[in-house]
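The lines below spell out each chain.
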Amino acid sequence: MIETDSLGNDLLRSAARLSRWASRNASFDVPFAQARLLALVDELGPSRVSVLAAADHSSQPTITTQLHKVEAAGWVRREGDPDDARASVVSLTEAGQAALAGVRRARLAVLAPALDQLDDTGRDRMRVAVEVINELLRAATEATDHTTS
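Residues numbered from 1 in each chain as written. Predicted model: local features only at pLDDT ≥ 70, side-chain atom pairs only at ≥ 80, totals over all residues. Heavy atoms only, no water.

Visitor: So what's going on with the overall build of the protein chain? Which residues, and what values?
Guide: Scanning the protein chain from N- to C-terminus turns up six helices and three strands. Starting at the N terminus, the α and β elements of the protein chain follow one another as α-α-β-α-α-β-β-α-α. Along the longest, intermediate and shortest principal axes, the C-alpha atoms of the protein chain span 55 × 40 × 20 Å. Per-residue burial over the protein chain gives 25% buried out of 149 residues. Long-range contacts, defined here as pairs at least 24 residues apart, represent 50% of the contacts in the protein chain between residues at least 6 apart. With the model as given, the accessible surface of the protein chain reaches about 10,500 Å², and the carbon-plus-sulfur share is 55%. Here the protein chain contributes 17 positively and 21 negatively charged side chains, and the mean placements of these two sets differ by 7 Å. (Helix = DSSP H or I, 4+ residues; strand = E, 2+ residues; numbered from the N terminus. Buried < 20%, exposed > 50% of the residue type's maximum accessible area, 1.4 Å probe, protein only. Contact = heavy atoms within 4.5 Å. Areas by Shrake-Rupley, 256 points an atom, 1.4 Å probe, with all protein chains shown as cover. Lys, Arg positive; Asp, Glu negative; His and termini not counted. Charge placed at Lys NZ, Arg CZ, Asp CG, Glu CD.)

Right under this line is the structure:
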């Protein structure tokens, strides 16, 4: 269990450091909090504000403030929730998808030179690491889905 805890903490810390480093060194026009919200909507698909707030570990007023900003920029749209007339569902617009793609391109532009310095073996190891992380995410998502349904 201690080895798993250590590995899990190392993985989370490294992934977070890499993401922060790429964002900190990238140049993009979307404020970071708004870029994070666009990425969350992209990941979750059309979602209610309460779902976005829970997924971001934020309050609904915090998410609502950011939603007003990205909605004013034309990056998201709100539509009535077909399951609850009192609620709305937030989804990305084409402009939002383009803004998020720009953020991702800017972050990749920062990371690409470091990846280019890897030799073939290093790139192969990186591909395997990405595959393992994706497998881990699939398994974790499935486990979470089973416990919440």
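Visitor: Go over unusual backbone geometry with me, naming the residues and quoting the values.
Guide: The phi torsion at H57 lies on the positive side, around 55°, for a residue other than glycine. In this structure, H57 sits in the loop between α3 (49-56) and α4 (60-72).

Visitor: I'd like a rundown of the pattern of salt bridges, residues and numbers included.
Guide: Oppositely charged side chains are able to pair whenever their charged atoms sit close together. Under the definition given, this model contains ten salt bridges. Between D10 and R13 there is a salt bridge; the shortest N-O distance is 2.7 Å. Residue D10 and its partner R13 are located together in helix α1 (residues 2-25), separated by three residues, close to a single helical turn. Relative accessible area serves as the criterion here: at 47%, R13 is assigned to the partly exposed category. It is possible to trace a salt-bridge network through shared partners that takes in R48, D81, D84 and R86. (Salt bridge = Lys/Arg side-chain N within 4 Å of Asp/Glu carboxyl O.)

Visitor: Tell me about the layout of surface pockets, and name the residues and values.
Guide: Of the volumes computed, that of the largest pocket is approximately 2,000 Å³. Considering the residues around the largest pocket, the lining is formed by 38 residues, among which A15, A16, S19, R107 and L137 are closest to the centre. Of all the secondary structure elements, the ones that give two or more residues to the lining of the largest pocket are α1, α2 (32-44), α3, α5 (94-116) and α6 (120-148). A per-class count over the lining of the largest pocket returns 27 nonpolar, five polar and six charged. (1 Å grid on protein atoms, 1.4 Å probe; cavity = no way out; pocket = protein on both sides within 12 Å on 5 of 7 lines; lining within 4 Å. Points joined across faces, edges and corners; volume = space filled by probe spheres on them. Nonpolar A, V, L, I, M, F, W, Y, C, P; charged D, E, K, R; others polar.)

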